[in-house]
Amino acid sequence: MALQNADIILHGMNYETFVEQLRKDLFNDNGYVFNKFLTFQQTMDFLGFSRAHLYRLIRTGEIPFKQRGSKKFFLREELEEWIATGDTLQEFDIDNLNDEF
């Protein structure tokens, strides 16, 4: 069955809005495809983590990052690998997590 309305494919966006959003998602301000380095805010958005949670992961050494001066950067490739190789929470991890809250 063929789709009758292109807006369904574009998730309710018109074509121009969809293309602009795609361009923003794929290219940084310098025109490079897929930012190699992500800023702290971009990493929060990419992972869906709060600022406090991302700082906790940095402090405990659980997440790969680079630092230049006081600025922290994250390699997209390392984050994707970190996600892919992530372990599930073990029982003792869940107990420790419950203790934090």
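This text follows the structure it describes.
Quick caveat: nothing in here was measured; it's all calculated off a predicted structure.

Enquirer: Help me understand the overall build of the chain in this model?
Expert: Helix and strand counts for the chain come out as six helices and three strands. The linear arrangement of helices and strands in the chain, starting from the amino end, is α-α-β-α-α-β-β-α-α. Within the chain, the proportion of its 101 residues that are buried is 16%. Long-range contacts, defined as pairs at least 24 residues apart, comprise 39% of the intrachain contacts of the chain with a sequence gap of at least 6. Summed over all atoms, the accessible surface of the chain reaches about 8,400 Å², with 53% contributed by carbon and sulfur.

Enquirer: Before we go on, may I ask you to explain the sheet that holds strand E1 (residues 37–38) in this structure?
Expert: Strands in a sheet are paired, the pairing made by backbone hydrogen bonds, and the direction either parallel or antiparallel. Taken together, three strands build an open sheet; the order of strands is E1-E3-E2 and the sheet is antiparallel. Every other strand in the sheet has two partners, leaving E1 and strand E2 (66–68) as the edge strands with one partner each. Here E1 pairs with strand E3 (residues 71–75) via two bridges, running antiparallel. If you follow Phe 37 over to E3, its bridge partner there is Leu 75.

Enquirer: Sorry if this is basic, but what is going on with the packing of helix H3 (residues 40–47) against helix H4 (residues 51–59) here?
Expert: Two numbers describe a pair of packed helices, the interaxial angle and the distance between the axes. Packing of H3 against H4 leaves a shortest axis separation of 10 Å and a crossing angle of 105 degrees. Compared by their axis directions, H3 and H4 come out roughly perpendicular. Contact with H3, carried on its side by Phe 40, Gln 41, Thr 43 and Met 44, involves Arg 51, Leu 54, Tyr 55 and Ile 58 of H4 and no other residues of that element. Here the residues of the contact of H3 with H4 sort into five nonpolar, two polar and one charged.

Enquirer: Which parts of the structure should I look at to understand the pattern of salt bridges?
Expert: Here the idea is simple: oppositely charged side chains can pair when their charged atoms come close. For the structure on display, the rule yields one salt bridge. Between Glu 78 and Lys 66 there is a salt bridge, with its nearest N and O atoms 3.3 Å apart. Remark: Lys 66 occurs in strand E2 and Glu 78 occurs in helix H5 (residues 76–84); sequence separation between them is 12 residues. Take Glu 78: its relative accessible area is 25%, and that puts it in the partly exposed class.

Enquirer: Explain the packing of aromatic side chains to me, please; I cannot follow it from the model alone.
Expert: Think of a pair of aromatic rings as described by two things: how far the centres are apart, and how the planes are tilted against each other in angle. Within the structure shown, the criterion is met by four aromatic pairs. Residues Phe 49 and Trp 82 carry aromatic rings whose centres are separated by 6.4 Å and whose planes lie at 90 degrees to one another, so their mutual orientation is edge-to-face. Of the two residues, Phe 49 sits in the loop between H3 and H4 while Trp 82 sits in helix H5, which places them 33 residues apart along the sequence. Assessed through its relative accessible area of 25%, Phe 49 is described here as partly exposed. Trp 82 sits in the partly exposed class, given a relative accessible area of 24%. Their ring planes at 45 degrees and their centres at 6.4 Å tell us that Phe 65 and Phe 74 sit as a pair that is tilted. According to the relative accessible area criterion, Phe 65 is partly exposed, its value standing at 27%. Each residue in the set Phe 40, Tyr 55, Phe 65 and Phe 74 is aromatic and connected to the rest through ring pairs, giving one cluster. Cation over ring: Arg 76 sits above Phe 46, and NZ or CZ is 5.2 Å from the ring centre.

Basis of the calculations
Residue positions are counted from 1 within each chain, in the order its sequence is given. Local features in this predicted model are restricted to residues whose pLDDT is 70 or higher, and side-chain atom pairs enter the listing and the counts only when it is 80 or higher, whereas totals over whole chains, interfaces and linings include all residues. Calculation of side-chain values draws on the structure's entire complement of heavy atoms; hydrogens and water are dropped beforehand. Helix numbers and strand numbers start at the N terminus; a helix is a DSSP run of H or I with at least 4 residues, a strand a run of E with at least 2. Only protein chains enter the accessibility calculation, which uses a 1.4 Å probe; a residue is then buried when its area is under 20% of its type maximum, exposed when over 50%, and partly exposed in between. Note on contacts: a residue pair is in contact if any heavy atoms of the two residues lie within 4.5 Å. Here the Shrake-Rupley method, with its probe set to 1.4 Å, supplies the accessible areas, and only the displayed protein chains count as covering residues. Strand pairing is assigned whenever DSSP detects at least two bridges linking the two strands. Angles here are taken between N-to-C directions and fall from 0 to 180 degrees, while the axes themselves are lines fitted to C-alpha atoms, restricted in helices to the stretch in contact. To sort the angles, those under 35 degrees are grouped as roughly parallel, those over 145 as roughly antiparallel, those from 65 to 115 as roughly perpendicular, and the leftovers as oblique. Gly is placed with the polar residues, together with every amino acid not listed as nonpolar (Ala, Val, Leu, Ile, Met, Phe, Trp, Tyr, Cys and Pro) or charged (Asp, Glu, Lys and Arg). Whenever Lys or Arg places a side-chain nitrogen within 4 Å of a carboxyl oxygen from Asp or Glu, that contact is recorded as a salt bridge. Aromatic rings from Phe, Tyr and Trp, taking only the six-membered ring of Trp, are treated as a pair when their centres fall within 6.5 Å; an angle between ring planes under 30 degrees marks them as stacked, one over 60 as edge-to-face, and anything in between as tilted. Note on geometry: a ring has a charge over it if NZ (lysine) or CZ (arginine) is within 6 Å of the ring centre and within 35 degrees of the ring normal.

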